[in-house]
Amino acid sequence: VQLQASGGGLVQAGGSLRLSCAASLRAFSNYAMGWFRQAPGKEREFVARIDWDDRTTFYADSVTGRFTISRDKAKNTVYMQMNSLKPEDTAVYYCAADPRHTNYFYTAQRVYDYWGQGTLVTVSS
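Residues numbered from 1 in each chain as written. Predicted model: local features only at pLDDT ≥ 70, side-chain atom pairs only at ≥ 80, totals over all residues. Heavy atoms only, no water.

**Considerations on the pattern of salt bridges**
If you walk through the whole model with that rule in mind, you get eight salt bridges. Here Asp53 ties to Arg55 by a salt bridge, and the two come within 3.3 Å at their closest N and O atoms. A relative accessible area of 25% places Asp53 in the partly exposed class. Between Lys73 and Asp54 there is a salt bridge, with its nearest N and O atoms 3.9 Å apart. (Salt bridge = Lys/Arg side-chain N within 4 Å of Asp/Glu carboxyl O. Buried < 20%, exposed > 50% of the residue type's maximum accessible area, 1.4 Å probe, protein only.)

**Some points on the packing of aromatic side chains**
All chains considered together, the criterion is met by eight aromatic pairs. In textbook terms, an aromatic cluster arises when at least three aromatic residues are bridged by ring pairs, as seen for Phe36, Phe46, Phe58, Tyr106, Tyr112 and Trp115. Across from the ring centre of Trp115, 4.0 Å away, lies the NZ or CZ of Arg44, which sits over that ring. (Phe/Tyr/Trp six-rings, centres within 6.5 Å; stacked < 30°, edge-to-face > 60°. Lys NZ or Arg CZ within 6 Å of the ring centre and 35° of its normal.)

**Here we look at unusual backbone geometry**
Phi at Asp54 takes a positive value of approximately 65°, unusual for a residue other than glycine. Residue classification places Asp54 among the partly exposed residues on the basis of a relative accessible area of 30%. You will see that Asn76, though not glycine, has its phi angle at about 50°, which is positive. Along the chain, Asn76 falls in the loop between β7 (67–72) and β8 (77–82). (Helix = DSSP H or I, 4+ residues; strand = E, 2+ residues; numbered from the N terminus.)

**Considerations on the side chain of Thr119**
Position of Thr119 relative to the elements: it lies in strand β11 (residues 119–124). A relative accessible area of 9% places Thr119 in the buried class. From its side chain, Thr119 meets the backbone nitrogen of Gly8 in a polar contact 3.1 Å long. For Thr119, the residues in contact, after removing those within four places along its chain, are Ala5, Ser6, Gly7, Gly8, Leu19, Ala91, Val92 and Tyr93. (Polar contact = N/O pair within 3.5 Å; in protein donor to acceptor, adjacent residues only side chain to side chain. Contact = heavy atoms within 4.5 Å.)

**Section: the environment of Asn83**
Topologically, Asn83 is positioned in the loop between β8 and β9 (91–98). Separated by 65 residues in sequence, Asn83 and Arg18 place their C-alpha atoms 8.5 Å apart. In this view, Asn83 contacts Gly15, Ser16, Arg66 and Phe67; residues no more than four positions away in its chain are not counted. In terms of polar contacts, Asn83 uses its side chain to reach the side chain of Ser16, at 2.9 Å.

**A few points about the pairing of β11**
Of the two faces of β11, the one lined by Thr119, Val121 and Val123 is fully buried and the one lined by Leu120, Thr122 and Ser124 carries no buried residue. Sheet analysis places strand β2 (residues 9–12) next to β11, joined by four bridges and oriented parallel. Bridged to Val11 within β11 is Val123. Of the strand pairs in this sheet, β9 and β11 are connected by three bridges, and their pairing is antiparallel. Looking at β11, one finds that Tyr93 is bridged to Thr119. (Pairing = 2+ DSSP bridges.)

Keep in mind these values describe shape, not function.
If you want it as structure tokens, here you go:
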């Protein structure tokens, strides 16, 4: 099982990036997918989630209205479009897969069984 995150880079404040996470998971469509991030010197935190049947998405308050998570099941890939980026969005971003068909505790890292290696997003002021 492998999750490969990509799309990070250096962008100016107010700019946009789209992160991708390619999954080699069997039955990818049965997994809820999430994005987390870890800023320098801080703990990893929840950013966004799309549930297993794509009916519901969740976002951290800090990114609501700016970030959008989506999925292409035909490509086994989940995306996160990030707009109006701020310097405080600077972090390593990780994608993760949750095999459960429930959204209880969806912000908790422990419910995600598989993790990607992370992609660095740097937002300059």
